[in-house]
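# Tertiary structure, described
These are the residues of each chain, in order.
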Amino acid sequence: MTAAALAFCCVANVQAAGDEKNGHAYFTKAELPNMANILPAPPEFESARFVADQSQHLWGKLMRLDEARCAQAQRDAVYSMQTIIDEFGGIFGLEITKEGTPEIYSILQDVCASCDSIYSDAKAHFARKRPYAYYNEGTIVPEKEEKHRYEGSYPSGHTVLGWTASLLLADINQSHEAMERLLTRGYEFGQSRVIAGYHWQSDVDAGRMAGSVLYQLIRNHERFIGQLARARAEFAEKTGNATRIAEAPQAQPQTPAARTYRLDGTPATDASHGILIQNSQKIVRK
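Once that is clear, we can look at the overall build of the protein chain. Summing up its helical and strand segments, the protein chain has twelve helices and three strands in all. The buried share of the protein chain, taken over its 286 residues, is 47%. Restricting the contact set of the protein chain to residue pairs at least 6 apart, pairs at least 24 apart contribute 76%. Accessible area for the protein chain stands at about 15300 Å²; split by element, carbon and sulfur atoms hold 52% of it.

Rendered as structure tokens:
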């Protein structure tokens with residue numbers, strides 16, 4: 001089945017240059033929590049929990065038969081900010097460039113630059129063997145196999161990048177439709193690692209958790225808060241959604257009209273006489 005999948009799988013260009021290395025990470029590794037202390041240990045090989053990973057590994061091989069999905073997984077295999085821009089830009093609703101959208105480009109650059117530090121220690125700690133190394137088989141990105149063969153697979157770093165970036169972009173374009181599409185694409189970015197043969201499903205699930213932890217911390221960073229406000233304003237301006245709201249004079253609070261009732265609780269009219277209740281007090285109207 002692997003041979004058939006690879007035969008049907010299209011060949012994609014996996015050369016791309018990312019610019020996240022020039023970004024300014026929000027935290028040093030020492031300032032971040034160690035995900036090895038937070039994540040559960042990955043399933044032991046040949047354990048009952050491992051069966052789920054094996055099942056998803058077979059699913060990934062079957063997905064390679066879908067040429068479009070296979071090509072997407074190959075493109076997602078390039079760990080770079082440029083991949084995020086290329087794959088998420090159309091869904092985001094605005095072309096992201098250094099010159100045309102400097103605020104959005106800058107915040108994306110800094111967020112992408114922050115991703116490595118949240119998962120690298122956990123990878124080294126768990127030192128989990130990758131699927132293609134475990135089964136001694138090929139992947140759909142063969143040129144990267146030797147580089148990553150002895151590198152831990154848990155959690156998935158690509159998943160951290162894709163999921164964190166999708167959270168950021170959904171934070172900038174806050175329309176309901178865009179948020180759904182961006183987060184769906186962020187989810188698919190992680191699943192691409194299962195399809196590619198580089199990660200187990202539990203690696204990807206752990207990567208999403210690490211990305212969520214990271215983004216929660218970033219979101220409270222003082223520098224990020226200012227950047228996010230400027231990025232949202234830039235998006236609104238570039239997409240024509242910016243509105244100028246004139247300051248209206250504040251209306252003076254009005255005293256509600258007094259309500260008058262008969263003793264039986266029915267509303268009184270101007271023609272009502274006798275003992276009435278007005279503003280919780282008894283009055284006599286002759």
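Packing of helix 4 (residues 81-92) against helix 9 (residues 157-172) leaves a shortest axis separation of 11 Å and a crossing angle of 30°. For the pair helix 4 and helix 9, the crossing hand works out as right-handed. Here Ile-84, Phe-88 and Phe-92 of helix 4 come into contact with helix 9, specifically with Leu-161, Gly-162, Ala-165, Ser-166, Leu-169 and Ile-172. The residue inventory of the contact of helix 4 with helix 9, partitioned by class, reads seven nonpolar, two polar and no charged.

Locating Ser-166 in the fold gives a position in helix 9. Once residues within four sequence positions are removed from consideration, Ser-166 is found in contact with Phe-88, Leu-182, Leu-183 and Gly-186.

Our next topic: the pattern of salt bridges. Pairs can form between side chains of opposite charge whenever their charged atoms are close. A complete count under the given rule lists 14 salt bridges for this structure. Across the salt bridge formed by Glu-137 and Lys-61, the nearest N and O atoms sit 2.8 Å from each other. With Glu-137 in the loop between helix 7 (131-135) and helix 8 (145-148) and Lys-61 in helix 2 (residues 50-63), the pair connects residues that are 76 residues apart, well separated along the chain. Residue Arg-230 pairs with Glu-103 through a salt bridge whose shortest N-O separation is 3.2 Å. Within this pair, whereas Arg-230 is found in helix 12 (residues 222-239), its partner Glu-103 is found in helix 5 (residues 102-114), the two being separated by 127 residues in sequence. For Arg-230, a relative accessible area of 42% puts it in the partly exposed group. For Glu-103, a relative accessible area of 27% corresponds to the partly exposed category. Connected via shared salt-bridge partners are Arg-75, Asp-76, Glu-87 and Arg-185.

Attention shifts here to unusual backbone geometry. Residue Pro-155 follows Tyr-154 across a cis peptide bond; omega there is 0°. With respect to the secondary-structure elements, Pro-155 resides in the loop between helix 8 and helix 9.

To continue, consider the packing of aromatic side chains. For any pair of aromatic rings, the description rests on two quantities: the centre-to-centre distance and the angle between the ring planes. Using the criterion set out here, one finds 14 aromatic pairs in the structure. Look at Tyr-26 and Phe-224: their rings are 5.8 Å apart centre to centre, the planes differ by 80°, and that puts the pair in the edge-to-face class. Of the two residues, Tyr-26 is situated in the loop between helix 1 (2-8) and helix 2 and Phe-224 in helix 12; the sequence distance between them amounts to 198 residues. Just as Tyr-26 is buried, Phe-224 falls in that class too. The structure contains a cluster of three or more aromatic residues connected by ring pairs, namely Phe-45, Phe-50, Tyr-134, Tyr-135 and Trp-200.

Turning our eyes to something else, we now look at helix 5. A rise of 1.5 Å per residue sets the reference length of helix 5, with its 13 residues, at 18 Å; its end C-alpha atoms lie 18 Å apart and thus fit the reference within 8%. Among the residues of helix 5, Ile-104, Tyr-105, Ile-107, Leu-108, Gln-109, Asp-110, Val-111, Cys-112 and Ser-114 are the ones counted as buried. Looking at the buried positions of helix 5, the neighbouring elements they touch are helix 4, helix 6 (116-126), helix 9, helix 11 (201-219) and helix 12.

Another aspect to go through is the nonpolar core. Ranked by internal contacts, the top residues of the largest apolar core, which has 46 residues, are Phe-92, Leu-108, Ile-172 and Phe-224. Broken down by secondary-structure element, the contributors of at least two residues to this core are helix 4, helix 5, helix 6, helix 9, helix 10 (176-196), helix 11 and helix 12. The element that contributes the greatest number of residues to this core is helix 9, accounting for nine residues. Counting residues in each nonpolar core, the second largest holds nine residues, with Cys-70, Val-141, Ala-196 and Tyr-198 among its members.

This part takes up helix 12. Between its first and last C-alpha atoms helix 12 spans 26 Å; for 18 residues at 1.5 Å apiece the expected length is 26 Å, and the two agree. Of all the residues in helix 12, the buried ones are Phe-224, Gln-227, Leu-228, Ala-231, Glu-234, Phe-235 and Ala-236. Contact partners of the buried residues in helix 12: helix 4, helix 5, helix 9 and helix 11. Looking one or two residues past helix 12, Gly-240 carries a phi angle of roughly 80°, positive in sign.

Reading the values: rules and limits
- Residues numbered from 1 in each chain as written.
- Predicted model: local features only at pLDDT ≥ 70, side-chain atom pairs only at ≥ 80, totals over all residues.
- Heavy atoms only, no water.
- Helix = DSSP H or I, 4+ residues; strand = E, 2+ residues; numbered from the N terminus.
- Buried < 20%, exposed > 50% of the residue type's maximum accessible area, 1.4 Å probe, protein only.
- Contact = heavy atoms within 4.5 Å.
- Areas by Shrake-Rupley, 256 points an atom, 1.4 Å probe, with all protein chains shown as cover.
- Axes fitted to C-alpha atoms, helices over the stretch in contact; angles between N-to-C directions.
- Left-handed = near helix turned anticlockwise from the far one by under 90°.
- Nonpolar A, V, L, I, M, F, W, Y, C, P; charged D, E, K, R; others polar.
- Salt bridge = Lys/Arg side-chain N within 4 Å of Asp/Glu carboxyl O.
- Phe/Tyr/Trp six-rings, centres within 6.5 Å; stacked < 30°, edge-to-face > 60°.
- Expected span 1.5 Å × (residues − 1).
- Core = buried A, V, L, I, M, F, W, Y, C linked by side-chain atoms within 4.5 Å.

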